[in-house]
Amino acid sequence: MKKEILRFRDVKLVYHTLRGETIAVENLTFSLKEGEFIAVIGPSGCGKTTLLSLAAGLLPPSDGEVLNDGLSFGYMLQKDELFPWRTIEKNIFLPLEIKKINTAENRERVKLLAEKYGLSEFLHSYPSQLSGGMRQRAALIRTLATNPDVLLLDEPFSALDYQTRLNVTEDVSQIIRSERKTALLITHDISEAISLADRVLVLSARPATVRFAHELDFGDVVNPLKRREERNFSAWFERLWRELNG
Amino acid sequence: MKRQGNFSREHALFLKKYKQNTAVVWSFRIGILIVLFGVWELFASLNWVNPFITSSPSRIAKTVYSLYQDGSLFYHIGITLSETLLGFLIAVVGGTAIALALWWSDTLRKILEPYIVVLNALPKIALGPLIIIWFGTGTKAIVFMTVLVGIIVTILHMLSAFIATDGNKMLLLRSMGASKVQILQKLVIPAALPSFIAMLKVNVGMAWIGSIMGEYIVSKAGLGYLIVYGGQVFKLDLVMSATCILCLLAALMYFLVVLLEKTIVKNPNR
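Residues numbered from 1 in each chain as written. Chains lettered and ligands numbered in written order. Predicted model: local features only at pLDDT ≥ 70, side-chain atom pairs only at ≥ 80, totals over all residues. Heavy atoms only, no water.

Q: If you had to explain the interface of chain B and chain A to someone new, which residues and values would you point to?
A: The partner chain A presents 20 residues to the 19 residues of chain B that form the contact. Carbon and sulfur atoms supply 65% of the area that chain B and chain A bury against each other, a total of about 1900 Å² over both sides. In this structure, the connection of chain B to chain A is made through two salt bridges. Between the two partners, chain B and chain A, sit five residue pairs in polar contact (both at pLDDT 80 or more). (Contact = heavy atoms within 4.5 Å. Buried area = accessible area lost by both parts, 1.4 Å probe. Salt bridge = Lys/Arg side-chain N within 4 Å of Asp/Glu carboxyl O. Polar contact = N/O pair within 3.5 Å; in protein donor to acceptor, adjacent residues only side chain to side chain.)

And the structure:
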């Protein structure tokens with residue numbers, strides 16, 4: 001049995017504006033085990049992104065508890081958010097600079113990671129010289145630079161065109177699996193969730209709470225494209241689709 | 001751009017067209033100047049216009065030369081130039097620093113907003129009498145006027161650049177555990193660099209407006225002084241000479257900023 005490293009217990013979050021208050025998240029309870037890949041799907045605008053900010057401790061919950069003691073997080077957003085004035089190399093070193101661990105040893109480690117995943121020829125290029133897929137791959141390496149315990153993925157593929165999206169999903173999945181990372185993926189794409197995750201949480205409309213949680217039964221098949229060919233893929237799709245819209 | 005030994009015919013044609021276009025632009029630029037000065041000189045020498053009122057290129061040249069001979073040319077240029085540069089520098093550095101402070105504290109920004117808006121709309125020349133009384137009739141008053149003209153524009157320009165920083169990139173840095181100083185250092189300032197250069201270009205103009213305006217109000221020397229003095233004693237040659245020198249200096253300062261831009265904004269792809 002793997003250790004639970006991140007736990008939400010009856011979490012509630014209220015946003016305050018001058019016009020009033022909005023309950024974004026309520027009674028939210030789930031946990032994330034070490035090495036596990038969870039995908040969270042939910043109707044649009046249901047507070048999925050809020051969930052990530054809560055997990056990372058960027059937002060304190062209004063009520064309940066988020067247990068994330070001692071965890072370090074790596075964020076990956078919809079757009080790559082690479083800094084255009086920095087080369088790819090400088091971009092992937094950025095977290096090292098922020099955490100003040102910008103040592104030759106760490107730089108070497110991150111560089112090796114970049115080279116391992118096919119970025120070696122782009123290290124001295126600027127982001128604008130790379131394709132969308134390559135940029136998102138660079139963004140993932142930047143996320144991995146500080147060796148975080150948990151990856152928080154906020155619809156990281158939704159800004160890519162379909163072809164690139166399948167390829168990058170493939171890449172990212174392979175990198176996350178082979179680096180044995182724990183990941184929490186937010187997405188509105190049901191098939192993406194099924195092709196990537198070990199477990200899928202279905203959220204309700206706002207205020208978001210976990211309506212269903214499913215352990216996916218793909219056995220050893222972790223490759224996203226292979227999963228799409230599995231027999232139970234479409235069954236899962238139909239089921240989740242019904243739950244989302246039901 | 002990579003240089004290759006043999007271009008395709010099409011590329012050679014493209015390069016040729018580009019060079020031709022550049023040649024046309026430059027010959028017209030210089031041509032217009034020559035025609036303008038030529039017609040001016042011709043009309044004045046044929047007395048079709050009264051050179052006493054319009055001056056003429058040759059009279060301007062003579063005036064500049066005689067200023068040079070009695071040693072006052074560089075004296076006046078030096079005074080105006082130093083006032084302009086000093087005012088420019090204080091406005092740019094001070095304005096940017098104030099904009100940073102306003103970015104740092106939302107509350108401070110909200111408190112000071114109406115004051116900045118009013119100061120921005122106020123014609124600075126209205127403060128002329130106050131400036132004379134407070135700072136006397138020397139260089140200090142003129143530099144103060146120059147700063148006043150430039151600093152508000154600088155604050156507004158840089159503040160809007162700082163505030164326009166991408167929210168998602170900030171979120172990204174915060175998720176890495178960045179402090180506010182780090183966000184400023186790694187994101188806000190580098191992202192605002194192009195705006196900073198644009199602001200410098202605007203401020204070149206502002207600084208000259210400020211210093212000449214200052215010299216109109218109070219001065220014993222400088223190019224603005226020569227223009228006012230020349231106007232009062234009807235020496236239009238002197239007025240035109242000083243104006244031409246101003247044109248040259250302003251252009252020179254602008255090109256220095258462009259040069260600076262080329263050295264600090266290294267990445268053409270940003």
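Once you've had a look at it, read on.
Q: An account of a nonpolar patch on the surface is requested, with residue identities and associated values reported.
A: Residues and elements named next belong to chain B. A cluster of nonpolar side chains, Val35, Val39, Leu42, Phe43, Leu46 and Trp48, forms an exposed patch at the surface whose accessible area comes to about 580 Å². Along the chain, Phe43 turns up in helix H1 (residues 9-45). According to the relative accessible area criterion, Phe43 is partly exposed, its value standing at 31%. (Patch = residues over 30% accessible without salt bridge, like charges linked within 9 Å, V, L, I, M, F, W, Y side chains within 5 Å. Areas by Shrake-Rupley, 256 points an atom, 1.4 Å probe, with all protein chains shown as cover. Helix = DSSP H or I, 4+ residues; strand = E, 2+ residues; numbered from the N terminus. Buried < 20%, exposed > 50% of the residue type's maximum accessible area, 1.4 Å probe, protein only.)

Q: Kindly report on the pairing of strand E2 (residues 20-33) of chain A, identifying the contributing residues and their values.
A: Residues and elements named next belong to chain A. Bridge count for strand E1 (residues 4-17) against E2 is ten bridges, and the pairing is antiparallel. Paired with Leu13 across the two strands is Val25, which belongs to E2. Count of turn residues in the E1/E2 antiparallel hairpin: two residues. (Pairing = 2+ DSSP bridges.)

Q: Account for the sheet that holds E2(A), with residues named and values stated.
A: Residue and element names in this part refer to chain A. Across the sheet, which stays open at both edges, the three strands sit in the order E2-E1-E4 with antiparallel pairing between neighbours. Of all strands in the sheet, those with a lone pairing partner are E2 and strand E4 (63-67), marking the two edges. Recorded for the sheet is a direction-independent mean angle of 25° between the axes of neighbouring strands. Where E1 meets E4, four bridges bridge the pair, whose relative direction is antiparallel. (Axes fitted to C-alpha atoms, helices over the stretch in contact; angles between N-to-C directions.)

Q: Quick one: what's the story with the packing of helix H2 (residues 88-98) of chain A against helix H4 (residues 132-144) of chain A, residue by residue and with numbers?
A: Residue and element names in this part refer to chain A. Orientation of H2 relative to H4, taken along the N-to-C sense of each, is 35°, at an axis distance of 7 Å. As for the relative orientation of H2 and H4, their crossing is right-handed in sense. For the pair H2 and H4, the contacting residues are Ile88, Asn91, Ile92 and Pro95 in the first and Ala138, Ile141 and Arg142 in the second. Classifying every residue of the contact of H2 with H4 by side-chain character gives five nonpolar, one polar and one charged. (Left-handed = near helix turned anticlockwise from the far one by under 90°. Nonpolar A, V, L, I, M, F, W, Y, C, P; charged D, E, K, R; others polar.)

Q: Pulling in residues and values, what's your account of the domain arrangement of chain A?
A: Residues and elements named next belong to chain A. In terms of domain boundaries, chain A breaks down into domain 1 (4-71 + 149-245) and domain 2 (83-148). When each unit is reduced to the centre of its C-alpha atoms, the spacing between domain 1 and domain 2 is 25 Å. With 14 residues of domain 1 at the contact, the number on the domain 2 side is twelve residues. A combined buried area of about 1100 Å² lies between domain 1 and domain 2, and 65% of that area is made up of carbon and sulfur atoms. Across the domain 1-domain 2 interface, the total number found is two salt bridges. Close ionic contact of Arg137 with Asp171 constitutes a salt bridge, the shortest N to O distance being 2.6 Å. At the junction of domain 1 and domain 2, the tally comes to seven residue pairs in polar contact (both at pLDDT 80 or more). (Domains from an automatic or database assignment.)

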